[in-house]
Every structure is written in C-alpha cells, then in structure tokens.
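Topology and contacts: notes
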Amino acid sequence: LKAGDALGFDPWLHTYDFVQDFAKLCEEIGARFVPVEANPIDALWRDRPAPTRGAISARPLRLAGETAQDKIARLRDSLAADAALVSDPHNIAWVFNIRGADVAHTPLPLAFALVGKDGPARLFVDPAKLTPPVRERLAPVATLHDPSELEPALIAEGKAGRRIAFDKATAPYRLIDVFRAAGGAFTTPPDPLTLMKAVKNEAEIAGSKAAHIRDAV
C-alpha cells in the first residue's frame with residue numbers, strides 16, 4: 001500500500017479489534033481501511049453452495065443438566081450492559097439447549113441472539129431450520145426472528161441509546177458498526193457464556209465420559 005490507497009475488507013468476516021489494528025497500520029502510511037458493501041469474491045463464486053439450513057433439535061434436560069431459562073438468567077446477572085449479542089454458535093447451542101446441523105462434524109446452529117437484562121431473549125435464525133416441536137420448546141425463552149431482522153433490531157437499540165456488549169472473539173464488525181452509527185454505546189468483552197459453558201455440571205460430565213467411551217471403542 002501507498003499513501004492515498006484504500007484497502008477494502010468484508011465487515012462480516014472480521015472482528016472489531018482486527019479492524020482497529022489494520023486501520024492503524026493503514027493510517028501510518030496515509031492509506032485507508034474501508035468496509036465494502038459487497039464482497040467481490042461473492043460475485044466471482046458462481047457455483048457457491050446455498051447457505052446451510054440444517055434442522056435444529058432440542059437438547060434434552062437430562063443431557064443439558066440445566067434449563068435454558070436458568071442459563072439465560074445467569075447471563076443476565078453477568079451483564080454490565082443493557083444487552084449482549086451472542087454471536088458464537090457454540091454459545092447459542094449451549095444457552096438455548098439446542099443443537100444444529102450447519103457445520104460438518106460439529107452440531108452447531110448458525111444464528112445470533114440478543115439477550116437484554118429484561119424482556120424475552122431474541123433468537124435470529126432461519127425459520128426453515130425450526131420444526132414445530134423446537135419452536136414450542138423455544139417459545140418460553142425466546143422470540144424467534146429471521147436473520148434479516150437483526151440489523152434493524154440493532155439500529156433500533158442504537159437509536160434508543162442502549163449499551164450492548166458484543167463478543168470480542170466472534171462478533172462481526174458489521175453489526176457493531178451499524179449499532180454504533182445509530183447512536184448506541186458498545187463494549188467488546190469476552191462472551192460470559194464461554195466461561196459458564198466451560199464449567200460442566202454433573203449431567204454434562206457424565207455425557208462427556210459416555211461419549212469418550214463410545215469414541216474410544
């Protein structure tokens with residue numbers, strides 16, 4: 001790069017910290033690091049597979065060891081902001097007691113969630129992934145929304161002057177940027193669900209042992 005150049009990046013594929021670091025590097029030589037509305041690789045990828053729509057299943061309480069209601073309550077108690085955006089699919093699966101089929105060899109549901117200190121949690125997920133029994137299971141803990149509704153929801157939260165915590169490791173820059181542009185205040189701490197998920201309860205420990213025995217055989 002040289003002075004006056006602009007280096008583009010896809011804001012969906014990088015975190016806030018990554019963007020700040022590269023922006024500083026570009027500024028040192030008089031260049032700019034700028035988000036692009038459309039990734040040019042997407043236009044070139046003629047035979048790109050369609051987005052996955054793996055069916056979501058409900059995790060039985062006997063295997064989860066804790067209800068989704070209790071997990072969400074723990075998340076709310078940990079918040080130092082008005083809400084948290086959950087962007088790590090592992091944490092989505094854990095906190096809502098669900099499993100997905102969007103990623104090979106790992107039962108992850110690709111989705112986002114917005115969990116405030118009060119009111120219902122909001123789960124942004126492709127409706128094609130949800131069967132009626134799973135919808136019924138999620139109804140007491142979250143309202144269900146199409147992923148296309150996420151950015152408008154964040155813009156509305158920003159205009160209301162809310163403060164949202166975005167996961168430092170996985171939140172796309174794009175979501176932080178639209179929220180900030182709407183007037184919201186944000187932080188980028190580690191997702192507290194990651195540590196909660198790491199501390200296993202008795203049912204999870206028993207399940208891990210049973211899975212290891214089957215795998216070892």
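Report on the accompanying structure.

**Overview of the packing of aromatic side chains**
- Within this structure, the stated rule accounts for seven aromatic pairs.
- Relative to F33, the ring of F9 lies with its centre 4.3 Å away and its plane at 20°, an arrangement referred to as stacked. Residue F9 is located in strand 1 (residues 6-9), and its partner F33 is located in strand 2 (residues 32-35); the two are separated by 24 residues in the primary sequence.
- On the numbers, 5.6 Å between centres and 55° between planes, the contact of F166 with F179 is tilted.

**Some words on unusual backbone geometry**
- Positive phi outside glycine occurs at N97, with the angle close to 55°.
- With respect to the helices and strands, N97 occurs in the loop between helix 5 (89-95) and strand 5 (98-99).
- A positive phi angle, close to 70°, is found at H105, a residue other than glycine.
- The residue H105 is located in the loop between strand 5 and strand 6 (112-116) in this model.

**Regarding the sheet that holds strand 7 (residues 121-124)**
- Strand order across the open sheet formed by six strands is 8-7-6-4-9-10, with mixed pairing between neighbours. With partners counted over all chains shown, the strands left at the sheet margins are strand 8 (142-145) and strand 10 (185-187), one partner each. Direction aside, neighbouring strands of the sheet carry axes that sit 20° apart on average.
- Across three bridges, strand 6 lies against strand 7 in antiparallel orientation. Counted as the bridge partner of F112 is F124 from strand 7.
- Here helix 4 (residues 68-78) sits on the sheet in contact with strand 4 (83-86), strand 6 and strand 7, set at roughly 65° to strand 6.
- Sheet strands touched by helix 7 (residues 150-159): strand 4, strand 6, strand 7 and strand 9 (163-166). Its angle to strand 7, the strand with the most contacts, is close to 145°.

**Brief notes about the nonpolar core**
- I92, F96, L123 and L138 are the most contacted members of the largest nonpolar core, which totals 25 residues.
- Once residues within four sequence positions are removed from consideration, L123 is found in contact with I92, F96, A111, F112, A113, L138, A142, T143, L144 and H145.
- Formed by 21 residues, the second largest nonpolar core is a distinct cluster that contains V19, A23, F124 and L150.

**Section: the side chain of D167**
- Position of D167 among the secondary structure elements: in the loop between strand 9 and helix 8 (173-181).
- Although buried, D167 forms no salt bridge, and the nearest oppositely charged side chain, K168, lies 8.9 Å from it.
- For D167, the contacting residues outside a window of four places in its chain are L85, S87, D88, P189, P190 and D191.

**With respect to the pairing of strand 8**
- Examined bridge by bridge, strand 7 and strand 8 share four bridges and lie parallel to one another. Bridge assignment links F124 to a residue of strand 8, and that residue is H145.
- Between the parallel pair strand 7 and strand 8, the chain is carried across by helix 6 (residues 132-138), and the sense of this crossover is right-handed.

Calculation rules
- Residues numbered from 1 in each chain as written.
- Predicted model: local features only at pLDDT ≥ 70, side-chain atom pairs only at ≥ 80, totals over all residues.
- Heavy atoms only, no water.
- Phe/Tyr/Trp six-rings, centres within 6.5 Å; stacked < 30°, edge-to-face > 60°.
- Helix = DSSP H or I, 4+ residues; strand = E, 2+ residues; numbered from the N terminus.
- Pairing = 2+ DSSP bridges.
- Axes fitted to C-alpha atoms, helices over the stretch in contact; angles between N-to-C directions.
- Contact = heavy atoms within 4.5 Å.
- Core = buried A, V, L, I, M, F, W, Y, C linked by side-chain atoms within 4.5 Å.
- Buried < 20%, exposed > 50% of the residue type's maximum accessible area, 1.4 Å probe, protein only.
- Lys, Arg positive; Asp, Glu negative; His and termini not counted.
- Salt bridge = Lys/Arg side-chain N within 4 Å of Asp/Glu carboxyl O.
- Right-handed = clockwise from strand over helix to strand, strands pointing away.

Read these as geometric descriptors, not functional statements.
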